[in-house]
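Overview (structure and organization)
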Amino acid sequence: MNAPAKFETTLKDWETDQEVRWCPGCGDYAILKAVQRTLPQLGADPSNTCFISGIGCSSRFPYYMETYGFHTIHGRAPAVATGVKLANPDLDIWLVTGDGDGLSIGGNHMMHVLRRNVNMQIMLFNNEIYGLTKGQSSPTSREGTKSPSTPIGSFDHPANPCAFALGAGARFVGRGFDVSKNLPDVLKAAHAHQGAAFIEIFQNCIVYNKDVFNDFAAPKGAGDRQLWLENGKPMLFGDPKAGFDKGIALDRDTLTLKVVEATEENWEEAGVLVHDQTDRTIAHLLIEMPFGPFPMALGVLYDDPRPTFETAVIEERAKSAAGKEANLAKLLGKGQTWTVEPSEGHPTD
Amino acid sequence: MATQAKDTPQDTAPDSVVVRFAGDSGDGMQLTGGQFTLSTALAGNDLATFPDFPAEIRAPQGTLFGVSAFQINFGSREINTAGDAPDVLVAMNPAGLKVNLDALKPGGLIIIDTGEFTKRNLDKAKYDVSPLEDDSLAKWDVLAFDISALTVEAVKPFGLGNKDALRCKNMWTLGLALWMFDRERGPLEDWLKNKFKNKPEIADANIAALNAGHAYGETAELSGPLQKLHIDPVEAEPGLYRTITGAEAISLGLVAGAQLAELPMFFGGYPITPASAILHHLARLKEFGVTTFQAEDEIAAICAAIGASYAGQLGITSSSGPGIALKGEAMGLAIMTELPLVIVNSQRGGPSTGLPTKTEQSDLYQAMYGRNGDAPMPIVSACSPGDAFEVAIEACRIATQYMTPVMLLTDGYIANAAEPWKVPDPDTFEPFPAKFLTEKNGEELLPYKRDSKGARPWIKPGTPDLMHRIGGIEKAVDTGHIDYAPDNHQAMTDARVNKVLNVEVPDQEIAAGEAGGKLVVVGWGSTYGPIRRAVDNSRAKGMDVSHIHVRHIWPLPKNLGDLLNSYDNVLVPEMNTGQFKTVLRDQFLVDAKPLTKTSGQPFSIVEMEEAIDKYFDGIPDNEGGQVEVNDTQLPSSEQ
Ligand SMILES: Cc1ncc(C[n+]2csc(CCOP(=O)(O)OP(=O)(O)O)c2C)c(N)n1
Ligand code: SF4
Ligand SMILES: [Mg+2]
């Protein structure tokens, strides 16, 4: 139950007096600003907002937000946040995690917070590296990533965070990147979603994994490499100023996606798909689209709410307690009892 | 008792009797034991029970490892343990006989269902020759007859299949036991009718079996070793009583504790034997403001509880050794963020998976020292099912008053054992309402500013204008900001240690005996019963021995050191390799000697008495020497 948009704040109101300790140029700065810019637009109340994180560079985030904040332990933020939400369902909870924190040590908790559908926004900062521990490869590092622990290149297959989230049962999956001007829109959609909203945010670790996302995130030629999804709109990409020139269509024989030539004028004939954010199957295909032959799918990939965990817990508690009296004396004396009268008893020793 | 029952007229009933029911885990032995316990309690006897069942859910029928047993000690005097050696063994199959025979008192009575002593079952129990046909049972009185056939006969009118008919065997046996000890059948009939509400024919068949067993007693009394025996009620404080297991008592104590703190309870758990029972109990008590959360693992269970405490509820988590190990890092987080939390450890045999269904006290080091960093935590321990109730309240009190996680140590024995419990009156409990900070406590908010007890304020997220950040990184004094400065870490480490050291705990009392003397036996947890009895027995023989039972493991009572130093010798029996002994040596420089046992079974009174005897060389008015200890526990050069 995210609080209704009411509060008048400015970006400044969300900044703390703590010195920000990320490396200069780290993508985390941009994400922090995007969040601090978004919250006033949501009319959020700092007193009712709580940022909960695990451990990692990304997880330092709560210290820089003038809200309630809990910097927990490595990987366990989803579990802590679940307890917080169950104890106070009115709190507006933002979870901050990294690719190591959320998918390696905390993968299990991530899966369960998503499948349970605990109402909160989950921002996974994916820099495809372990930043805080000085640059080891992570579960999202691309094959061949050279790092102190993989000196001649990593050889394990990376996980796709959004595919993981969808597979775990997430009802909201969004994607953005640190410096993208669209990030606040994805955050707003996540906030509006009732339930666990998973947002993968590609984040540039300029020290240990510099510019790995430039292939699609670099401003130059971005139109060809980024597919920003909008509900009800055709999946067109290319140069927006030129009215786009490509689209995503479904090959109905192989049930795979394909890139077709299409414009704002002829996309329907070209068979370009219209984004239906409640279509789980297409969401899967968009998430798994290999970058290179395809653009990177960004924005709200999937959004189809379902009752939240905390609502179910409250209902179960009410159902279970219905008609029962909370009388401690009666509870203690429940079951088959007997009374020893003052004069009774036959001591034998 | 059986010998006595046969040879002497029944004018001098014993003041206590130990009965053990043993059979296949599919024979319903735990149920039989449980119902016999209830009838014993209703008859006004004091009692203690020891359910002992296999780790396998459905162990192959008839096998030695599939044997399930339930022992009960009851009497007209105070009962402290489930009894050393049974007077009566009810063996429902050859495996049950084989596994439990050694425990039986010489001259004791064995009741055997010959219907189960088939070639196949004898093979499974690894008997070459039927023990009924050689003289291997000569030491005991044996009452062997075909309970299976008699049961089938008794339930014939109800048209059950052979399998269902045989299932009534345990009720037949219970009927016989009720006859033996002169018990009412009424409550049991009511219970059966209620249990099989929707299957009245099953209820009727079971009642018929019960009655048939009872009637058999009447007839068999005429000849053979079977005699009726009436055990008088124990002298007990007047009041309302019920039976209670440790797991129930802890659940109720936690509910009471949360109510006294005026907080909703959040309980995070993950299934594990023998801790699950607490989760199961609490899941049915939602009307008391209880939320139960079955997490994805023990780490999530404690983390969610920490989250709930952070948000202003009383977070509680519970597990056993392996799960407690997983919670270690999160306990550190609760210590660092100074949030209230109760962690219940129902200890079992370890290490690793160890002995899931057997008892041990071997997680004391884990509780004291099992975390990274200087991570002090108050620890309380329960000594019996009834005591567990009070200890659970105490844990809630310390956690909320001092803003700290608290470890409650109980064990598998206490969790499953039942005893009569005088139902307490909640109006007599002292409330300890939790307080929350609602306004700034200084010019600026100081989330780590301590009160006179050393506790920081509890600030719920959602409180207007008290936004602040907490976490596992070292906090600056008062402000709680991140601070790695050397002086600050020193100051905060000291503050955390001192806060816990200054937790107010009652002065140590002496359970039996007096301050000063030749020997004191010091126990904690579930060894209370056997120590209590053994010390009483030894004192009755004239030995100068006292008993101290420690409930507050950390911090230890302030007077404990002086008290221990007032004795010539200190003996510390434990179901581990000597962990509390080491703590006492460390804290008080006393020459505490261990008496250890790690067989998964509780101490017997005899074992305790022997250890005390060794000290006095078995001579009551002997001056006494050094405490002798069992061979296995002192490091020797050969090891
Ligand atoms: C239990 C535990 N194991 C290991 C660590 C060390 N550690 C801290 S952060 C981290 C990985 C962080 O990677 P990621 O989640 O991707 O965050 P980033 O720093 O890249 O933002 C590790 C392994 C720890 N703090 N706790
Ligand atoms: S190490 Fe990388 S992720 Fe961490 S602060 Fe520096 S740039 Fe950012
Ligand atoms: Mg990372």
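Throughout what follows, the structure given in this document is the object of discussion.

Looking at the site of ligand 1
- Cys-57, Ser-58, Asp-99, Asp-101 and Gly-131 of chain A are the nearest of the 17 residues found near ligand 1.
- Chains contributing residues near ligand 1 are chains A and B.
- Contact between ligand 1 and Leu-132 of chain A: an oxygen atom at 3.0 Å from a main-chain N or O atom of the residue.
- Bound to the protein, ligand 1 loses 78% of the 590 Å² it would expose on its own.
- Per-element accounting of the shell around ligand 1 gives the leading share, four residues, to helix 3 (residues 99-105) of chain A.
- Partitioning the shell around ligand 1 into residue classes produces six nonpolar, eight polar and three charged.

Some words on the sheet that holds strand 9 (residues 246-251) of chain A
Residue and element names in this part refer to chain A.
- Here we have three strands laid out as an open sheet, ordered 8-9-10, and antiparallel in their pairing. A strand with exactly one partner marks an edge of an open sheet, and here the two such strands are strand 8 (236-237) and strand 10 (256-261).
- Relative to strand 10, strand 9 is paired through six bridges, and the arrangement is antiparallel. Opposite Lys-246, over in strand 10, you have Glu-261 as the bridge partner.

Some thoughts on the sheet that holds strand 14 (residues 418-422) of chain B
- Strand order in the open sheet formed by three strands is 12(A)-7(B)-14(B), and the pairing between neighbours is antiparallel. What marks the edges here is a single partner per strand, and that holds for strand 12 (337-340) of chain A together with strand 14 of chain B. This sheet shows a mean twist of 35 degrees between the axes of neighbouring strands, independent of strand direction.
- With four bridges connecting them, strand 12 of chain A and strand 7 (residues 239-245) of chain B associate as antiparallel partners. Note on strand 7 of chain B: the bridge partner recorded for Thr-339 of chain A is Leu-240 of chain B.
- Against the sheet, helix 10 (residues 246-260) of chain B touches strand 7 and strand 14 of chain B, its axis set at about 115 degrees to strand 7 of chain B.
- The sheet strands contacting helix 15 (residues 385-402) of chain B are strand 7 and strand 14 of chain B, and the helix crosses strand 14 of chain B at an angle near 60 degrees.

Topic: the coordination of the magnesium ion (ligand 3)
Residue and element names in this part refer to chain A.
- For the magnesium ion (ligand 3), the full set of protein donor atoms is Asp-99 (OD), Asn-127 (OD1) and Ile-129 (O), at a range of 2.1 Å.
- Each donor residue of the magnesium ion (ligand 3) belongs to the same chain, with the gaps between them written as D-x27-N-x1-I. In this pair, Asp-99 sits in helix 3 while Ile-129 sits in the loop between strand 4 (120-126) and helix 5 (161-168), placing the two residues 30 residues apart along the sequence. The burial state of Asp-99 is the same as that of Ile-129; both residues are buried.

Thoughts on the interface of chain A and chain B
- On the chain B side, the residues contacting the 63 residues of chain A number 78 residues.
- Taken as a group, Tyr-68, Leu-332 and Trp-338 of chain A account for 15% of the area that chain A buries against chain B, more than any other trio of residues on that side.
- Between Glu-66 of chain A and Arg-469 of chain B there is a salt bridge whose closest N-O contact spans 3.3 Å.
- Along the contact surface separating chain A from chain B lie 22 residue pairs in polar contact (both at pLDDT 80 or more).

What to know about the packing of aromatic side chains
- The final tally for this structure, using the stated rule, is 30 aromatic pairs over all chains.
- Both rings, one in Phe-61 of chain A and one in Phe-125 of chain A, keep their centres 5.6 Å apart while their planes meet at 85 degrees; by these two values the pair is edge-to-face. Residue Phe-61 of chain A is found in the loop between strand 1 (49-53) and strand 2 (68-71), and its partner Phe-125 of chain A is found in strand 4; the two are separated by 64 residues along the sequence.
- Among the residues examined, Phe-61 of chain A registers a relative accessible area of 0% and is labelled buried.
- Here the aromatic residues Trp-22, Tyr-29, Phe-51, Phe-61, Tyr-64, Trp-94 and Phe-125 of chain A are joined through ring pairs into a cluster of three or more.
- The aromatic ring of Phe-309 of chain A is capped on one face by Arg-116 of chain A, whose charged end is 5.8 Å from the ring centroid.
- Across the ring face of Tyr-127 of chain B, the terminal group of Lys-98 of chain B is positioned such that the distance to the ring centre comes to 4.7 Å.

Basis of the calculations
- Residues numbered from 1 in each chain as written.
- Chains lettered and ligands numbered in written order.
- Predicted model: local features only at pLDDT ≥ 70, side-chain atom pairs only at ≥ 80, totals over all residues.
- Heavy atoms only, no water.
- Near = heavy atom within 4 Å.
- Polar contact = N/O pair within 3.5 Å; in protein donor to acceptor, adjacent residues only side chain to side chain.
- Areas by Shrake-Rupley, 256 points an atom, 1.4 Å probe, with all protein chains shown as cover.
- Helix = DSSP H or I, 4+ residues; strand = E, 2+ residues; numbered from the N terminus.
- Nonpolar A, V, L, I, M, F, W, Y, C, P; charged D, E, K, R; others polar.
- Pairing = 2+ DSSP bridges.
- Axes fitted to C-alpha atoms, helices over the stretch in contact; angles between N-to-C directions.
- Contact = heavy atoms within 4.5 Å.
- Donors = N, O, S within 2.8 Å, 3.2 Å for Na, K, Ca; no water.
- Buried < 20%, exposed > 50% of the residue type's maximum accessible area, 1.4 Å probe, protein only.
- Buried area = accessible area lost by both parts, 1.4 Å probe.
- Salt bridge = Lys/Arg side-chain N within 4 Å of Asp/Glu carboxyl O.
- Phe/Tyr/Trp six-rings, centres within 6.5 Å; stacked < 30°, edge-to-face > 60°.
- Lys NZ or Arg CZ within 6 Å of the ring centre and 35° of its normal.

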